[in-house]
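Geometric and topological summary
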Amino acid sequence: MKNPYYDASRPHHRPDGFQNNYQPFAKKKLGELLRWRWQAWRKGPPQMQQALPHVAPELAFIEANAGAGLQMTPAATWIGHITVLLQCAGWNILTDPVFAQRCSPFQWLGPARRQPPALQIDQLPPLDLILLSHNHYDHMDEASLRRLMTRHSAPPLIVCPLGHRAWFAKRGIFHVHELDWWDSLCLPQQQARQALEIVLTPAQHWSSRTPFDAMQALWGGFALFCQDAHLFFAGDTGYSPDFADIRQRFAARQSARPDGGFDLALLPIGAYEPRWFMQSQHVNPAESVRIFQDLACRQALAVHWGTFQLTDEPLDQPPRDLAQALAAAGIAQERFAAVANGATLRWPRRWQYGASEAH
């Protein structure tokens, strides 16, 4: 299919879709898929060593914070898998909303949720923005998006990579803004919100909604800049030099200190085994720590684990592997937190610890 966005000056564009910057993604062959599933069957189902951690969400804080305007406490609440409620500088933002029981085209087949969302859709505050990283079913759930767009008279703005607008339009959803890699959307300052810049950043991944549309929609992560915080949402990714590129791209507006980059990064740590099959598309915890270092993060929240059994490692394994990777890198465990589902992480405003403010 012809790529309507094709721009020959952009290396990741192809006449029929998109591609990664450093490691071209090739869809797995049937033999590779059968080999993976055969090996998984021989090993047996992954066995957890402990129950998945879950805490009751701080509903009173979330609600009060949602209406605090410029006095909003920077906070991130992990709802489950890749879905996080970000509250900062007067903005209420949701990442990759998936509230379904299965991440699948069908709700009777596919990976089932192993613990419920920490917040139900009706418990969310009114949202300003939804950040959508790509169109895989564990990141882009149609039923969740439909409900989120109709629950209030003023729907949130969906910010997404190129190639998603037509899918939304077919479903009567038009409050959508597409970005290419390194493109930005600048939302102006308002009475109760700081100005916010959103930049779509490269990632090492791929896209597909059906067996026939691989690589036809773009994928990516998001860098967010406001006076109170610099935030990063990686979406889904394998490890690549893209993250060193991101650090270099934004160096002029951030500090040169080893923790002078992003104040908070949402980084994936799950769905990584077996490595021969998953490495090109999903980081393991050690690679996620490398991303943390590449981006010079002050703090990170671990996502993309503990909800859907997508790959071969047990659902409770990623935090243990993360702890080992952090210890090996000499990074304090609290700087890259794998919190319980439902927990809220708070952090200081950027200017409170002396880092340079966003431009």
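Look up a bit, the structure's there.
Here we summarise the structure given alongside this text. Note that the coordinates shown come from a computational prediction; the quantities given were computed from them, not determined experimentally. (Residues numbered from 1 in each chain as written. Predicted model: local features only at pLDDT ≥ 70, side-chain atom pairs only at ≥ 80, totals over all residues. Heavy atoms only, no water.)

Once that is clear, we can look at the packing of aromatic side chains. Scanning all chains against the criterion turns up 16 aromatic pairs. Geometrically, the ring pair formed by Trp38 and Trp41 is stacked, given 5.3 Å between the ring centres and 25 degrees between the ring planes. Of this pair, Trp38 and Trp41 are both found in helix 1 (residues 30–43), 3 residues apart, which corresponds to roughly one turn of the helix. Under the relative-accessibility criterion, Trp41 is labelled exposed at 63%. Judged by centre distance (5.0 Å) and plane angle (90 degrees), the ring pair of Trp167 and Phe168 falls under edge-to-face. According to the relative accessible area criterion, Phe168 is buried, its value standing at 0%. (Phe/Tyr/Trp six-rings, centres within 6.5 Å; stacked < 30°, edge-to-face > 60°. Helix = DSSP H or I, 4+ residues; strand = E, 2+ residues; numbered from the N terminus. Buried < 20%, exposed > 50% of the residue type's maximum accessible area, 1.4 Å probe, protein only.)

Cis geometry marks the peptide bond from Glu273 to Pro274, where omega comes out at 0 degrees. Along the chain, the position of Pro274 falls in the loop between strand 13 (264–268) and helix 6 (275–278). In this structure, Met215 takes a positive phi of about 70 degrees despite not being glycine. Along the chain, the position of Met215 falls in the loop between strand 10 (196–201) and strand 11 (221–225). Taking relative accessible area as the criterion, Met215 reaches 11% and is therefore assigned buried.

A separate point is the state of the cysteines. Across all of its chains, the model carries 0 disulfides by this definition. This cysteine, Cys186, is not joined by any disulfide, and Cys226 carries the nearest cysteine sulfur, 12 Å off. Residue classification places Cys186 among the exposed positions, given a relative accessible area of 55%. (Disulfide = S-S within 2.5 Å.)

Counting 70 residues, the largest nonpolar core has Ile198, Phe232, Leu301 and Phe336 as its most contacted members. By size, the runner-up hydrophobic cluster in this structure holds 21 residues, among which are Ile121, Cys160, Ile173 and Val176. (Core = buried A, V, L, I, M, F, W, Y, C linked by side-chain atoms within 4.5 Å.)

Where charged atoms from two side chains of opposite charge approach closely, those side chains can pair. Taken as a whole and judged by the stated rule, the model has 17 salt bridges. Between Arg10 and Asp180 there is a salt bridge; the shortest N-O distance is 2.9 Å. Here the residue Arg10 occupies a position in the segment before strand 1 (13–14), and Asp180 occupies one in the loop between strand 8 (176–179) and strand 9 (184–187), the gap between them amounting to 170 residues. Judged by its relative accessible area of 26%, Arg10 is partly exposed. In this structure, the salt-bridge partner of Glu178 is Arg165, at a minimum N-O distance of 3.2 Å. Of this pair, Glu178 sits in strand 8 while Arg165 sits in helix 4 (residues 165–169), and the two are 13 residues apart along the sequence. Residues participating in the shared-partner salt-bridge network are Asp7, Arg10, Asp180 and Asp183. (Salt bridge = Lys/Arg side-chain N within 4 Å of Asp/Glu carboxyl O.)

Attention shifts here to the sheet that holds strand 15 (residues 336–337). In spatial order, the strands read 9-10-11-12-13-14-15; together these 7 strands make up an open sheet with mixed pairing. This sheet does not close on itself; its edge strands, each paired only once, are strand 9 and strand 15. Two elements, strand 11 and strand 12 (residues 230–233), share 4 bridges in a ladder whose sense is antiparallel. The residue of strand 12 that forms the bridge with Phe222 is Phe233. (Pairing = 2+ DSSP bridges.)

This brings us to the sheet that holds strand 8. Pairing is mixed in the open sheet, where 7 strands are placed in the order 8-7-6-5-4-3-16. Strand pairing shows two members of the sheet lacking a second neighbour, strand 8 and strand 16 (344–346), which therefore form its edges. The sheet shows a mean angle of 20 degrees between the axes of neighbouring strands, direction not considered. Two elements, strand 4 (residues 83–88) and strand 5 (residues 91–95), share 4 bridges in a ladder whose sense is antiparallel. Note that in strand 5 the partner of Leu85 across the bridge is Leu94. On the sheet, helix 2 (residues 59–66) packs against strand 3 (75–80), strand 4, strand 5 and strand 16 and is oriented at approximately 50 degrees with respect to strand 4. (Axes fitted to C-alpha atoms, helices over the stretch in contact; angles between N-to-C directions. Contact = heavy atoms within 4.5 Å.)

Along strand 5, 5 of the 5 residues are buried, which leaves the element largely enclosed by surrounding structure. A two-sided burial pattern is seen for strand 5, the buried positions comprising Trp91, Ile93 and Thr95 on one face and Asn92 and Leu94 on the other. Connecting strand 4 to the antiparallel partner strand 5 that follows it, the hairpin turn spans 2 residues, and Ala89 within it adopts a positive phi of roughly 55 degrees. In terms of strand pairing, strand 5 meets strand 6 (residues 129–131) through 3 bridges, oriented parallel. Residue pairing in the sheet places Thr95 in a bridge with Leu131 of strand 6.

On to the side chain of His304. As for its position among the elements, His304 is in the loop between strand 14 (300–303) and helix 8 (317–329). For His304, a relative accessible area of 2% corresponds to the buried category. A polar atom in the side chain of His304 sits 2.9 Å from the side chain of Asp236. (Polar contact = N/O pair within 3.5 Å; in protein donor to acceptor, adjacent residues only side chain to side chain.)

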